[in-house]
Amino acid sequence: MPSRRPHTKSRHGCMECKAKKIKCDETKPVCLKCSKRSNDCHYQDTISTNTNSCSTTTRSLSNGPKPTDIDIGSFFDLFRSATIYTGPPGSPSDGQWPQYDAFYDLKLLHHYMTCTYLTLAKDSSLEHTWQVIMPQIAYSHPFLMHGLLAISACHFAVLEPERAEHYTGLATRHYASAVEIFRPMLENIQEANAMPVLAFSTLIACLQFTMPHTSLSQPTVPTPNKYISDQLDMFRLVRGIKGVLDTAWTWAENSPLSLLFIGTAMEDPEEPLPYNAEVVVQALEKHIQINAETEELKNGYLDAMHQFRKCYPRGTPGNRCQTLVFAWPFLLSNNFFLAMLAGRPIALIILGYFGTLLHMLKSRWWVGNRGQQLLLRQIETCYI
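What counts and what doesn't
Residues numbered from 1 in each chain as written. Predicted model: local features only at pLDDT ≥ 70, side-chain atom pairs only at ≥ 80, totals over all residues. Heavy atoms only, no water. Helix = DSSP H or I, 4+ residues; strand = E, 2+ residues; numbered from the N terminus. Buried < 20%, exposed > 50% of the residue type's maximum accessible area, 1.4 Å probe, protein only. Areas by Shrake-Rupley, 256 points an atom, 1.4 Å probe, with all protein chains shown as cover. Phe/Tyr/Trp six-rings, centres within 6.5 Å; stacked < 30°, edge-to-face > 60°. Lys NZ or Arg CZ within 6 Å of the ring centre and 35° of its normal. Core = buried A, V, L, I, M, F, W, Y, C linked by side-chain atoms within 4.5 Å. Contact = heavy atoms within 4.5 Å. Polar contact = N/O pair within 3.5 Å; in protein donor to acceptor, adjacent residues only side chain to side chain. Disulfide = S-S within 2.5 Å. Expected span 1.5 Å × (residues − 1). Patch = residues over 30% accessible without salt bridge, like charges linked within 9 Å, V, L, I, M, F, W, Y side chains within 5 Å. Salt bridge = Lys/Arg side-chain N within 4 Å of Asp/Glu carboxyl O. Axes fitted to C-alpha atoms, helices over the stretch in contact; angles between N-to-C directions. Parallel < 35°, antiparallel > 145°, perpendicular 65-115°, else oblique. Nonpolar A, V, L, I, M, F, W, Y, C, P; charged D, E, K, R; others polar. Left-handed = near helix turned anticlockwise from the far one by under 90°.

### Side note on the overall build of the chain
Line of reasoning, step 1. Assigned secondary structure in the chain consists of 15 helices and 2 strands.
Line of reasoning, step 2. Here the chain holds 384 residues, and 51% of them are scored as buried.
Line of reasoning, step 3. Surface summary for the chain: the accessible area is close to 18,600 Å², and the carbon and sulfur share equals 54%.

### Some words on the packing of aromatic side chains
Line of reasoning, step 1. Applying the stated criterion across every chain yields a total of 13 aromatic pairs.
Line of reasoning, step 2. These aromatic residues form a ring-pair network of at least three members: F235, Y301, W328, F336 and F354.
Line of reasoning, step 3. Positioned above the aromatic ring of F156, the side-chain terminus of K107 is 5.2 Å from the ring centre.

### Describing the nonpolar core
The tendency in soluble globular proteins is for nonpolar side chains to be buried as a group.
Line of reasoning, step 1. Residues W130, Y301, W328 and I350 are the most contacted members of the largest nonpolar core, which totals 99 residues.
Line of reasoning, step 2. Ranked by the residues each element gives to this core, the list is headed by helix α8 (residues 191-214), at 13 residues.
Line of reasoning, step 3. Apart from the residues within four sequence positions on either side, Y301 is in contact with I288, A292, E293, F336, A339, R344, I346, A347 and I350.
Line of reasoning, step 4. Core analysis: the next-biggest nonpolar cluster, separate from the first, contains 6 residues, C14, C24, C31 and C34 among them.

### With respect to the side chain of E267
Line of reasoning, step 1. With respect to the helices, strands and loops of the structure, E267 is situated in the loop between α9 (224-252) and α10 (275-291).
Line of reasoning, step 2. Here E267 falls in the buried class, since its relative accessible area comes to 10%.
Line of reasoning, step 3. Within the structure, the side chain of E267 is placed 3.0 Å from the backbone nitrogen of R314, a separation counted as a polar contact.
Line of reasoning, step 4. Those residues in contact with E267 that sit more than four places away from it in its chain are R309, K310, Y312, P313, R314, R320 and L324.

### Observations regarding the state of the cysteines
Line of reasoning, step 1. Scanning the model with the defined rule gives 0 disulfides in all.
Line of reasoning, step 2. Lacking any disulfide linkage, C206 is separated from the closest cysteine sulfur, that of C154, by 9.8 Å.

### Topic: helix α12 (residues 320-331)
Line of reasoning, step 1. The terminal C-alpha atoms of α12 lie 16 Å apart, and with 12 residues this matches the ideal 16 Å at 1.5 Å per residue to within 8%.
Line of reasoning, step 2. A large share of α12 lies buried, amounting to 9 of its 12 residues.
Line of reasoning, step 3. Every buried residue belonging to α12 is among C321, Q322, T323, L324, V325, F326, A327, W328 and P329, and all of these are buried.

### Some details on the environment of E293
Line of reasoning, step 1. Counting through the fold element by element, E293 comes out in the loop between α10 and α11 (295-311).
Line of reasoning, step 2. In the structure, E293 is positioned 51 residues away from R344 in sequence and 9.2 Å away in space, judged by C-alpha atoms.
Line of reasoning, step 3. Those residues in contact with E293 that sit more than four places away from it in its chain are Y301, R344, P345 and I346.
Line of reasoning, step 4. Among the polar contacts listed, one links the side chain of E293 to the side chain of Y301, at a separation of 3.0 Å.

### Thoughts on a nonpolar patch on the surface
Line of reasoning, step 1. On the surface, a cluster of nonpolar side chains totalling about 320 Å² of accessible area is made up of Y275, V279 and V280.
Line of reasoning, step 2. Here Y275 lies in helix α10.
Line of reasoning, step 3. On the basis of relative accessibility, which here comes to 66%, the residue Y275 falls in the exposed class.

### Focus on the pattern of salt bridges
Line of reasoning, step 1. According to the stated counting rule, one finds 5 salt bridges in the structure shown.
Line of reasoning, step 2. Between E278 and R309 there is a salt bridge, with its nearest N and O atoms 2.9 Å apart. On the criterion of sequence distance, the pair formed by E278 in helix α10 and R309 in helix α11 is long-range, its members being 31 residues apart.
Line of reasoning, step 3. Residue classification places E278 among the buried residues on the basis of a relative accessible area of 12%.
Line of reasoning, step 4. On the basis of relative accessible area, R309 is assigned to the buried category, the value being 9%.
Line of reasoning, step 5. Among the ionic pairs, E285 bridges to R309, the shortest N-O distance being 3.0 Å. Highlighted residues: E285 in helix α10 and R309 in helix α11, separated in sequence by 24 residues.
Line of reasoning, step 6. Of the residues examined, E285 reaches a relative accessible area of 18% and is grouped as buried.
Line of reasoning, step 7. Put simply, E278, E285 and R309 are held in one network by salt bridges that share partners.

### Examining the packing of α11 against helix α13 (residues 334-341)
Line of reasoning, step 1. Where α11 meets α13, the axes come as close as 9 Å, and the angle between the chain directions of the two elements is 100°. Put simply, α11 runs roughly perpendicular to α13. Contact residues: E296, L297, G300, Y301 and A304 in α11; N335, F336 and A339 in α13.
Line of reasoning, step 2. For the contact of α11 with α13, the per-class residue count stands at 5 nonpolar, 2 polar and 1 charged.

### Comments concerning the packing of α10 against α11
Line of reasoning, step 1. Their axes nearest at 9 Å, the elements α10 and α11 cross at an angle of 165°. Of the possible angle classes, the one that applies to α10 and α11 is roughly antiparallel. Relative to α11, α10 is oriented so that their crossing is left-handed. When α10 is examined against α11, the residues E278, V281, Q282, L284, E285, I288 and Q289 are found in contact with a partner set consisting of K298, Y301, L302, M305, F308 and R309.
Line of reasoning, step 2. Residue composition of the contact of α10 with α11, grouped by class: 7 nonpolar, 2 polar and 4 charged.

Shown next, in the form of structure tokens:
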């Protein structure tokens, strides 16, 4: 009787080859068989949470590679502070917030996977990542699931304003639960949690934008200083994503999430802006040259305006618009960011100009009229 031909099993093959019960060559990010067939190729280990099959190599934010232009500590400190929105007055023990309910959680997840994900994907190439990959990771990482349910509840609060208070309460509880679990992971990013940490980080800006504005218990018109302070907190969170990405990129670059972080070509800063915008930007640049407090601050202000020109969409930017607008907080120098935090007038005027960029995204439900409000609050601040 002939001996059985030896067979080497593919234990770490892609999901598509496993489904077809064929041997996978395990080439990443796309195996050869999927490449030949032009199929999507996904590996279980990119979303696995089994710590027995994952390396336990750890890279902390304090010991890992430091990004060159971001204060990682401020990102972590913000999550440890009380500046994150915690919802309407009261506490869970007061009975003012709705309790977790399996029915509502299923409703929120269904809404996320059928509607909300479309509002987060800046183009069709990312829809699969937001609709399928994110929930796949979240099934094994509760803090990410809480984040997805929170953003879905915020979306419901906008779509059903008559029940906004109810959905804001659900969003608040889910977000608070997510942050509670997320905090300690920032100091201990490793292969087993890198994907969910990055995934949740991408939701942070959207959540910070929408949550303070969806509760009917919040003041209808926040004070100018409070509004600007909230926007700066959002900036700190958005800028902090870069720190998380720098730390986790080793494990993320070949994963499905890498598509979320592919850059876009910036605008040519030498190309004039539309006429009206060019006039006011040149006027501010001239004001900076004459009135900047110190040479160092002047350079910081002018650099912020240079980055503004790079992020101002020209022509018909289409899907690039969102990426260009949100690139500005990433590109700011630490010195300029500190000038905004210190409330320096010129820095806050430049922040108000960012409101004009943000206003270009007014059709996004999680942005709405935030850009216009930021500009108006900055103007009001100048006259207080």
